[in-house]
Amino acid sequence: MMTKRWKKSVSLGLALALVLGGVSDVTGARKSFAASGTQTEVSNTVSGAAQSSVSEGAVSGDAVSGEAVAEVTPEPIITPTPEKPAVPTSFAARGGSKRVRLTWAQVSGADGYYIYCRESTTASYTKIKTIKSSSTLTYDKTGLVQNTTYYFCIASYKKVDGVVYESSLSSSVYATTKAATKTSKAAKKYGTKAKFKKSPAYKKYTKMISTMNISKTFAIPGMINTNAGGFNCTSMVPQGITLAGSYFLISAYDSKGVDYSVIYVVSRSSKSYITTIVLPNKAKVGGIAYDGTNIWISKGSKVASFPYSFVTDAVNSGSAFKKLSAYNTTQKVSTTASYMAYYNGILWVGPYSTSTTKMYGYKVENAQTTPVLSQMYQMAMPSKTQGITITSDGTMVLTRAKGKNTTDSGYISYMRTYKPSFNSPSASGKVLKNSVCKKTKLPPKAEGVAIYGTYTYLLFSSSHYGSCKYPVDRVLALKTKKLVG
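Values in this document were obtained by computation on a predicted structure and should not be read as measured data. (Residues numbered from 1 in each chain as written. Predicted model: local features only at pLDDT ≥ 70, side-chain atom pairs only at ≥ 80, totals over all residues. Heavy atoms only, no water.)

Visitor: Please clarify how the overall build of the protein chain should be interpreted in this entry.
Guide: In terms of helices and strands, the protein chain carries nine helices and 31 strands. Within the span of the protein chain, comprising 485 residues, buried residues form 49% of the whole. Long-range pairs, those at least 24 residues apart, make up 58% of the contacts in the protein chain between residues at least 6 apart in sequence. For the protein chain, the exposed surface amounts to about 22,800 Å²; the carbon and sulfur share of it is 50%. (Helix = DSSP H or I, 4+ residues; strand = E, 2+ residues; numbered from the N terminus. Buried < 20%, exposed > 50% of the residue type's maximum accessible area, 1.4 Å probe, protein only. Contact = heavy atoms within 4.5 Å. Areas by Shrake-Rupley, 256 points an atom, 1.4 Å probe, with all protein chains shown as cover.)

Visitor: Quick question: what am I supposed to make of the side chain of Ser261 here?
Guide: Position of Ser261 relative to the elements: it lies in the loop between β13 (247-254) and β14 (262-267). Take Ser261: its relative accessible area is 0%, and that puts it in the buried class. Aside from chain neighbours lying at most four places away, what touches Ser261 is Ala252, Tyr253, Ile277, Val278, Leu279, Asn281, Lys282, Ala283 and Val285.

Visitor: What should I look at first to understand the sheet that holds strand β16 (residues 288-290) in this one?
Guide: Sheet strands line up and pair through hydrogen bonds in the backbone, either parallel or antiparallel. Taken in spatial order, the four strands line up as β16-β17-β18-β20 in an open sheet, and their pairing is antiparallel. The open sheet has two edge strands, β16 and β20 (329-332), and neither has a second partner. Put simply, the sheet's adjacent strands are angled 20° from each other on average, direction ignored. Here strand β18 (residues 302-307) runs beside β20; their pairing, made up of four bridges, is antiparallel. Bridge pairing links Val303 to Gln331 in β20. (Pairing = 2+ DSSP bridges. Axes fitted to C-alpha atoms, helices over the stretch in contact; angles between N-to-C directions.)

Below you can see the structure in the form of structure tokens.
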């Protein structure tokens, strides 16, 4: 027969169980409520009826069992579903040679993206690629059929506790594959050397012309069209030039910001274009240098490197282009890397500035494996410096330029030569540039400069600008002795 004391204990036990949502121990109840932001309720409950039941000895591992527990139905615990990530916007497609390039805007909070594709003759989409980084905002789908239209959609995704949540699909975009034109070898403005000799620049800048060997000049490749990784680009701007082994390397970037930056590979002996290296970024790539093992290229406030062997691989492939998937190293420097030169174990890096500025010298360590830069020196530099090179005897040749025409505000275009005190830096690492040795007036938009043998090779970007009155579409070979003074 059930006593009054037992009935009271059971009633209090059932009440406690209901208050705590069917949880059989007070500690568990406290944790559950605390997680939902109701810590006060838990404290009050435990100090009230729950304490009374405990004092009666009713709420214990043995007491709340059997029929009493069977009569209580626990409340279900509902786990909220994480919100799906947003649908990627600005999704666009561009057709190339047996490929399509997709681009989109970054989705905040996403872990990556899913790419879906279908042909025009197919109704359903198939997932073709998982992008595992939210900051990767482009994808090239290759191996497609030429002259065929493809449709694409994209979705973002994120993982929460091991569960993947995918956004809705974007609106579809489409592109048609088409063959890419070969990178142009001919000069953009003046198809022959004879025609260049009749150009306005040749007739006006007679002091420069007096130092030139016309037979050793060569056309800047890619100015009419560049096969930039299977896509046609007609807006490349040449920037830097360096001599690397058997080749001249000329860097260029797409002024429209659509295609990746490139390096044109030109034979040192024949002065003829061979192939194109497509870089893994769209940086302005104003500076380029060779340390005997690695090619260095500028990337804003950073410099990046890749092994020279990649150049020979590109040449030996016989292909129209070779894509560099990633740099070997990328390192931050103390300034914007607008121009570069390598001399006696030191990589010199400087910025373009409309006022006087500094160039920094970095010792290249571990060049044979993973190169590392250590800042060692600095040198004051003139304003508007565009390119530099340093001869084997320590003579520094630099170009200064601003503006496309002589009527432009702040216009300047000169070549200067110096004899810096490389062998006697100060205790703080300052290297004196010393006084200018000689100055030569140049046509507008002088850019990079390189020395091979007894000649200084000078690059211009003026052929890119239709409004320039004195364009130079060739790399000019100037006699170094006449420039040094």
